[in-house]
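Here is how the chains run, residue by residue.
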Amino acid sequence: FGQPIAEFQLVQAMLADSRAEAFAARCMVLETARSKDRGDPVITEAACCKMYASEMVGRVADRAVQIHGGAGYMAAYGIERFYRDVRLFRIYEGTTQIQQLIIARNMVREAQSERSSTAYKIKRIRMAARLAGASRRQQDRPRPRLRRAR
C-alpha cells in the first residue's frame, strides 16, 4: 500500500469504533460495580454488562481480522486466536439470549411493580380526595335552623 494501514480512514474508523465500544463496556461495568458496592441490586445491570461486553468484543475481534485481512486468519499473528477465543465470551456464563431474557423479565417485573405501587398510590389519593370532598360538602351544607318553641 505504500503507507501504514493505520493511515487509511476506514481503518481509523474501525479503530475508533472499537475504542468507543470498549470504553462504553468499561463504563457500564464500573457503574454496575459501584452500585453493587452501595448494596443496590444489580441483576439487570450485570446482565446488560455481560451481554453488551461479550457482543462488543466479538465486533472488535471481527474488525481486527478485517483490518489484518488474510493475515488475520493466520495463527502467526495472534488475531486468529483472539477471534476464536472471543466466541467463548458469548457462551460462557450464559449466552446472549439468556442475558436478554434476564434483562427483559426484570424490566417487565419492575414495570409491573411500579404500576401496581403507582396504582395503589393513586387509589389512596382518590380515596383521600373523596373523604376530604365529603367532609367539605358537609361543612358547606346549610345547617337546619332550629325553631324556638313558642
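Residues numbered from 1 in each chain as written. Predicted model: local features only at pLDDT ≥ 70, side-chain atom pairs only at ≥ 80, totals over all residues. Heavy atoms only, no water.

**Focus: the overall build of the chain**
What counts, and what does not: Under the scheme used here, helices are H or I runs from DSSP no shorter than 4 residues and strands are E runs no shorter than 2 residues, and both carry numbers assigned from the N terminus. Accessibility here uses a 1.4 Å probe with only protein chains present; expressed as a share of the type maximum, an area under 20% marks a residue as buried, one over 50% as exposed, and anything in between as partly exposed. In this analysis, two residues are considered to be in contact whenever any of their non-hydrogen atoms come within 4.5 Å of each other. In this description, accessible areas are obtained by the Shrake-Rupley approach with a 1.4 Å probe, and a residue is regarded as covered only by the protein chains that are shown.
For the chain, the count of helices and strands is four helices and zero strands. The order of α-helices and β-strands along the chain, N terminus first, is α-α-α-α. Here the chain, with 150 residues, has 21% of them falling under the buried criterion. Restricting to contacts in the chain with at least 6 residues of sequence separation, those with at least 24 account for 62%. Working note: accessible area of the chain is about 12,400 Å², and carbon and sulfur atoms make up 58% of it.

**Regarding a nonpolar patch on the surface**
Quick reminder of the rule: The patches reported here contain residues having more than 30% relative accessible area and no salt bridge. Joining distances are 9 Å for like charges and 5 Å for nonpolar side chains (Val, Leu, Ile, Met, Phe, Trp, Tyr). What makes a salt bridge here is a side-chain nitrogen of Lys or Arg within 4 Å of a carboxyl oxygen of Asp or Glu, nothing more.
There is a patch of nonpolar side chains on the surface, built from Ile43, Ile98, Leu101 and Ile102 and spanning about 340 Å² of accessible area. A per-element tally of the nonpolar patch places helix H4 (residues 96-140) first, with three residues.

**Thoughts on helix H2 (residues 43-68)**
The condition is simple: Multiplying 1.5 Å by the residue count of a helix minus one yields the expected span of that helix.
For H2, spanning 26 residues, the distance from its first C-alpha to its last is 38 Å, which sits close to the expected 38 Å at 1.5 Å a residue. Backbone geometry just downstream of H2 places Gly69 in the positive-phi region, at approximately 65°.

**Thoughts on the confidence of the model for the chain**
Threshold: pLDDT measures the predictor's confidence residue by residue and takes values from 0 up to 100.
Residues with a pLDDT of 70 or more make up 89% of the chain, whose mean pLDDT is 85. The least confident element of the chain, judged by mean pLDDT, is H4 at 79; the most confident is helix H1 (residues 9-37) at 97.

**Brief notes about the pattern of salt bridges**
The full count for this structure, using the stated rule, is six salt bridges. Where Arg84 meets Glu80, a salt bridge forms, and the shortest distance between an N and an O atom there is 2.7 Å. With Arg84 and Glu80 both in helix H3 (residues 79-91) and four residues apart, this pair spans about one turn of that helix. Here Asp85 and Arg81 are joined by a salt bridge, their closest N and O atoms 3.0 Å apart. Highlighted residues: Asp85 and Arg81, both in helix H3, separated by four residues, approximately one helical turn. The partly exposed category is assigned to Arg81, whose relative accessible area is 48%. Each of Glu21, Arg59 and Arg63 takes part in a single network of salt bridges with overlapping partners.

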